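Each chain, letter by letter, is given below.
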Amino acid sequence: MINVQDIRDTARDLLAKGEVRAVIGYRRGSRGMLAEPAFITSPEQADELVWDPTCFHNLSLYLVHDRKFLDHIRKNPGAPVAIIAKGCDARSIVVLLQEHYFKREDVYIIGVSCEGTGVLDERKLAPHLNGAQASNAAFDGDDFVFTTAEGEKRLQAREVMADRCLECRIPFPKEHNAVFGEDKAGRQMEAPFAALTRFEEQGSGERWDFWSHHFDRCIRCFACRSVCPMCYCDECVVDSITFPVTTETTAEDKANRVRWIERSAVRSENITYLMTRAMHLAGRCTDCGECERACPVNVPIRLLNNKMEREAREQFGFEPGASIGGPSLVASFLDSDPGDFIR
Amino acid sequence: MSEQQVYEPRVVAFLCKWCSSAGSDLAGVSRIQYPANATPITVPCTGAISPMYIMSAFNKGADGVLVSGCHIGDCHYIEGNYLARRKMQLIMELLEFIGVEPNRFRMSWVSAAEGAKFAQVITDFVNDLKPLGPQEKLKKAEHS
Amino acid sequence: MEKILNKKHIDDWIAALDSWDILGPVLEDGIWAYQPVSGAVRLDHPNTRQSPKGLAFPQREIFFKFEQIKGEAPRLTQVVPDEQRHAVFGVRPCDGRGVPRMDLVFTDHVEDNYYQARRKNVAYVGLACNKPPGPNCFCLSVGGSPVSTDGLDVQMTDLGDRYFVKAVTETGKGLMTAAGKLFAEPSAADQKQVEQVHADAVAHPQRAVRNVEAVPAKLKASFKSPLWQELARACIGCGICTFLCPTCHCFDINDEVQSKAPLKGIRVRTWDNCQFPDFTMHSSGHNPRENTGARLRQRVAHKFQYFPENFGMPQCTGCGRCVSECPVGIDIVAVVNKVVENAG
């Protein structure tokens, strides 16, 4: 069981000694029980930090933001930044390190084990509260405990945990500078890729019915892309910023431009966007599940990424975020890679 | 004549410059008969093919997409086709996963000397595509 | 016109509106959405995930088709929205109040034909909120009310086994008279009950933007405040807040080429979003709103300063969607209050 005070003490200590320039963690937000990302720079703020089942966010996104948007950090990183990372988050950091997005010494990983549980899926919680609002959520062994106006509500974590956490194989941040909580590998409550396996039991026609329905529903708010630490490209293929239109631009110029994906949120364009994204995440996605959590219309994006993850594992023996020095999935190969499908 | 018999699938064929594209030339100069359904797009190497190209071809109305390059070990850039083999398998699996007919996507190794094989690959692909009918799943809808 | 409708007659009412396409709240894929319904309408929803703004201002509007054969003049064919009338049931008062705000945007200075062509064929049948349907409702603090009729054609109030139904506009009256015999005259007790329900609804505690009248001046004074960047530190730059908003209306226009020879395609308007980094990107590469702070400020100031300056009312209607759905906890209520507080 993790004592949040230990996390706070570590953060305070690191900041007080000047060993890190900031700590990226979680704090209580202004919306009921939900935690939100916190960026603290002075030791006094350390007491704001929280650790509870609503700490969903994969904060490694903000390591990317620092590099991408803050010129002075890019040019002179100075002291490292500390970050609180769950197992999946730490694996994302490993992928970023593998891709040389920043250096290992630029980040101080305060690992937190998910131990016997994981994070909450808000959508699963609502039916248990009968319309009541929770003002606090806490870990307690195998349970989550929620505070509502009507009193305390204790639920078995597995009833309301995110699917990805139920299926998680590695709920422990192996890459870390400091770590809290026990490594409870092998505690998984569902088989790895359980949801994917269930889905794949359907025939091709049913799978298309399912996906075409969801591809129609995407509103292209790009929350999945924006929340993903792996979607760090300076220019995404769906954006039009590479195509300046000047007074000199003729209709023909416009017509002849390569527009991979149109702005219209219609099935054909949404498919191209979501499939391309899934491909770009193959071997990089660590199943933090943020894309699916952020999606305002509940498109089951995680299934696509899961599919790629399982193919990578089964066909190529590849595990995303396993080692900093290892090769990346699509920039490497083995002589033994399958080739039977090729004529 | 029924609709089905008139239907001619449109194939977008991404051919590597060094092998398959040369193979297709050989098929031509050797006057080998094969269906004229494929639109060839020559690329420097199969390793340079982004899965995005394949999605985009389907988006723009291809009924089938072929990726063809040098045999394993023969890549002009030493390892481009090894990389392609992985990437193409992933996109193939993903297409099948969302319910696209597996026969819509094909990959082959055709060397510069294999004109006859190229003709055979195209013939087989077109024959396999015909029963599937037009590809509507990934295609951009017209005026809607 | 004020009437009583027994709950078991609502489906008959809808059946009587046979020249209208009816939309109602439907729970599908875990979210509530306005969808075509035939037969049964159940109005026991919290607010829908997306506002009903798309009925008059769809995410994608085709303006015209174009075609050009080489050497000939281009041919344009206008695409006009169809004339089918839509009645949407279960609209919450905040979304109702979004309607006149959108009307202002699309009629002031410039009349937007596409918007108006759709707008005139939409009727909004509202449902008063007897208690706040979400934890982040704040309509009262932005000049609204859980029983507001603003923007609605009909207002329904749930009285247990029956609805108190009030026509707000002529269109609303038409909807009710189309099934006149289903409606009963309200008794004095009904009137008393509806007054009580409305009074209780208004008395229900909500979150609040403090002193909304003072906000525009404070925001104006805070344009250069470093607080914006701090408040937007976690912002990921996605489009959730604006796409779900009942009053965000920014759009982009593109030509979507479908064939190059002969040149053929469509000109489309799609929703755009001030939180996307490329929204203000110039072709030179310069971006006047270069960070998330500037972009958050734009959205907040548009709702609480620029719109009040232009039209004399806050644009935000307090539905709370952007608060509830933000993946990283950016909360417009807290943001406005903090900026105002900080401005002194």
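It should be emphasised that the depicted structure is a prediction, and the values quoted were computed from it without experimental measurement.

Participant: Please provide a residue-by-residue account of the interface of chain B and chain C, values included.
Facilitator: Contacts between the two partners involve four residues from chain B, matched on the other side by seven residues from chain C. The contact between chain B and chain C buries some 490 Å² in all, and 51% of this surface belongs to carbon and sulfur atoms. On inspection of chain B and its partner chain C, the count reaches zero salt bridges. Remark: the boundary between chain B and chain C carries one residue pair in polar contact (both at pLDDT 80 or more). Of the residues belonging to the side of chain B that touches chain C, the class tally is one nonpolar, two polar and one charged.

Participant: Please give an account of the side chain of Asn37 of chain B that cites residues and values.
Facilitator: As for its placement among the helices and strands, Asn37 of chain B is situated in the loop between helix 2 (20–29) and strand 2 (38–43). When residues no more than four places from it in sequence are discounted, the contact partners of Asn37 of chain B are Glu8, Pro9, Arg10, Val11 and Val126 of chain B.

Participant: So, the domain arrangement of chain C: which residues are in play, and what are the values?
Facilitator: Residues and elements named next belong to chain C. According to the domain assignment, chain C consists of domain 1 (2–61 + 81–203) and domain 2 (212–257 + 271–343). The centre of domain 1, based on its C-alpha atoms, is set 27 Å off from the matching centre of domain 2. Facing 27 residues of domain 1, the contacting portion of domain 2 comprises 30 residues. Note on domain 1 versus domain 2: buried area summed over both sides is about 2,500 Å², and carbon and sulfur give 62% of it. Sorting the residues of domain 1 by area buried against domain 2 places Lys53, Arg101 and Phe138 first, and these three jointly supply 25% of that buried surface. Across the contact surface, domain 1 and domain 2 share three salt bridges. A salt bridge links Arg321 to Asp95; its shortest N-O distance comes to 2.7 Å. For the interface between domain 1 and domain 2, the tally reads 15 residue pairs in polar contact (both at pLDDT 80 or more). The element that contributes the greatest number of residues to the side of domain 1 that touches domain 2 is helix 2 (residues 93–107), accounting for nine residues. Classifying every residue of the side of domain 1 that touches domain 2 by side-chain character gives 11 nonpolar, nine polar and seven charged.

Participant: Give a detailed account of the state of the cysteines, specifying residues and quantitative values.
Facilitator: One pass over the full model with this rule turns up one disulfide over all chains. One disulfide in the model links Cys19 of chain B with Cys70 of chain B; its S-S distance is 2.4 Å. One quick way to see it: the torsion about the S-S bond of Cys19 of chain B and Cys70 of chain B is about 100°, and its sign makes the bridge right-handed. Taken together, the residues Cys19 of chain B in the loop between strand 1 (11–16) and helix 2 and Cys70 of chain B in the loop between strand 3 (64–69) and helix 4 (80–97) connect sequence positions 51 residues apart. Free of any disulfide, Cys224 of chain A has its nearest cysteine sulfur in Cys218 of chain A, 6.4 Å distant. Overall, the relative accessible area of 8% leaves Cys224 of chain A in the buried class.

Participant: Report on the sheet that holds strand 2 of chain B, specifying residues and quantitative values.
Facilitator: All names here are of chain B. Strand order across the open sheet formed by four strands is 2-1-3-4, with parallel pairing between neighbours. A single partner strand is all that each edge strand has here, and the edge strands are strand 2 and strand 4 (105–109). Between one strand and the next, the sheet's axes are offset by a mean angle of 20°, whatever the strand orientation. In this structure, strand 1 lies alongside strand 2, joined through six bridges in parallel fashion. Its bridge partner being in strand 2, Phe14 is matched across the sheet by Ile41. Contacting strand 1, strand 2 and strand 3, helix 2 crosses the sheet at an angle of about 115° to strand 1. Together, strand 3 and strand 4 form the strand contacts of helix 4, whose direction differs from that of strand 4 by roughly 160°.

Participant: Describe in detail the environment of Pro9 of chain B, supporting the description with residues and values.
Facilitator: Residue and element names in this part refer to chain B. Within the secondary structure, Pro9 sits in the loop between helix 1 (3–6) and strand 1. Overall, Pro9 belongs to the buried group, its relative accessible area being 1%. Distance in space between the C-alpha atoms of Pro9 and Ala36 is 9.8 Å, their sequence separation being 27 residues. When neighbours within four sequence positions are excluded, Pro9 is seen to be in contact with Asn37, Asp63, Val126, Leu129 and Lys130.

Participant: Summarise the nonpolar core; cite the residues concerned and give the values.
Facilitator: Ranked by internal contacts, the top residues of the largest apolar core, which has 180 residues, are Phe146 of chain A, Ile54, Leu95 and Ile98 of chain B together with Phe304 of chain C. Counting the residues that make up this core, at least three belong to each of domain 1 (2–61 + 81–203) and domain 2 (212–257 + 271–343) of chain C. Dropping the residues within four chain positions of it, Phe304 of chain C is found in contact with Val142, Val209, Val212, Val215, Pro216, Leu219, Pro314, Cys316, Ile332 and Val336 of chain C.

Participant: Summarise the packing of aromatic side chains; cite the residues concerned and give the values.
Facilitator: Geometrically, a pair of aromatic rings is defined through the distance of the ring centres and the angle of the planes. One pass over the structure, following the stated rule, counts 31 aromatic pairs over all chains. Judged by centre distance (6.3 Å) and plane angle (85°), the rings of Tyr101 of chain A and Phe102 of chain A are edge-to-face. As far as the burial class goes, Tyr101 of chain A and Phe102 of chain A line up, both buried. Relative to Tyr77 of chain B, the ring of Trp18 of chain B lies with its centre 6.3 Å away and its plane at 75°, an arrangement referred to as edge-to-face. With Trp18 of chain B in the loop between strand 1 and helix 2 and Tyr77 of chain B in the loop between strand 3 and helix 4, this residue pair connects regions lying 59 residues apart in the sequence. You can call Trp18 of chain B partly exposed: its relative accessible area is 33%. Ring-pair connections join several aromatic residues into one group, and the members of that group are Phe222 and Tyr273 of chain A together with Phe57, Phe106, Tyr115, Phe243, Phe251, Trp271 and Phe276 of chain C. If you follow Lys53 of chain C out to its NZ or CZ, it ends over the ring of Trp271 of chain C, 4.7 Å from the centre. Its guanidinium or amino end placed over the ring of Phe39 of chain A, Arg233 of chain C lies 4.0 Å from that ring's centre, counting from NZ or CZ.

Participant: Describe the interface of chain B and chain A, and please don't skip the residues or the numbers.
Facilitator: Counting residues at the interface gives 35 residues for chain B, matched by 43 residues for chain A. Buried surface at the junction of chain B and chain A, summed over both partners, amounts to about 3,700 Å²; 68% is from carbon and sulfur atoms. Run the count over chain B and chain A and you get two salt bridges. Asp337 of chain A serves as the salt-bridge partner of Arg86 of chain B, at 2.9 Å between the closest nitrogen and oxygen. Remark: the boundary between chain B and chain A carries 15 residue pairs in polar contact (both at pLDDT 80 or more). At the level of elements, helix 3 (51–59), helix 4, strand 4 and helix 5 (115–129) of chain B are the ones that each hand at least two residues to the side of chain B that touches chain A.

Participant: So what's going on with the packing of helix 9 (residues 292–311) of chain C against helix 11 (residues 332–343) of chain C? Residues and values would help.
Facilitator: Residues and elements named next belong to chain C. Two elements in contact, helix 9 and helix 11, have axes separated by 11 Å at closest approach and are oriented at 85°. In terms of orientation, helix 9 and helix 11 fall into the roughly perpendicular class. Together, Leu296, Arg299, Val300, Lys303 and Phe304 of helix 9 and Ile332, Val335 and Val336 of helix 11 make up the contact between the two elements. Residue composition of the contact of helix 9 with helix 11, by class: six nonpolar, no polar and two charged.

Participant: Talk me through the sheet that holds strand 4 (residues 107–112) of chain A; I want residue IDs and the actual numbers.
Facilitator: Residue and element names in this part refer to chain A. The strand order across the open sheet formed by five strands is 2-1-3-4-8, and the pairing between neighbours is mixed. Strands with a single pairing partner mark the edges of an open sheet, and in this sheet they are strand 2 (35–40) and strand 8 (178–180). With direction set aside, neighbouring strand axes in the sheet form an average angle of 25°. As paired elements, strand 4 and strand 8 share three bridges and run parallel to each other.

Participant: Let's hear about the pattern of salt bridges: which residues, and what values?
Facilitator: Residue and element names in this part refer to chain A. According to the stated counting rule, one finds 58 salt bridges over all chains in the structure shown. A salt bridge links Arg313 to Glu319, with the nearest nitrogen and oxygen atoms 2.9 Å apart. Salt bridges sharing common partners tie together Glu200, Lys307, Arg310, Glu311 and Glu314.

About the criteria used
Residues numbered from 1 in each chain as written. Chains lettered and ligands numbered in written order. Predicted model: local features only at pLDDT ≥ 70, side-chain atom pairs only at ≥ 80, totals over all residues. Heavy atoms only, no water. Contact = heavy atoms within 4.5 Å. Buried area = accessible area lost by both parts, 1.4 Å probe. Salt bridge = Lys/Arg side-chain N within 4 Å of Asp/Glu carboxyl O. Polar contact = N/O pair within 3.5 Å; in protein donor to acceptor, adjacent residues only side chain to side chain. Nonpolar A, V, L, I, M, F, W, Y, C, P; charged D, E, K, R; others polar. Helix = DSSP H or I, 4+ residues; strand = E, 2+ residues; numbered from the N terminus. Domains from an automatic or database assignment. Disulfide = S-S within 2.5 Å. Buried < 20%, exposed > 50% of the residue type's maximum accessible area, 1.4 Å probe, protein only. Pairing = 2+ DSSP bridges. Axes fitted to C-alpha atoms, helices over the stretch in contact; angles between N-to-C directions. Core = buried A, V, L, I, M, F, W, Y, C linked by side-chain atoms within 4.5 Å. Phe/Tyr/Trp six-rings, centres within 6.5 Å; stacked < 30°, edge-to-face > 60°. Lys NZ or Arg CZ within 6 Å of the ring centre and 35° of its normal. Parallel < 35°, antiparallel > 145°, perpendicular 65-115°, else oblique.

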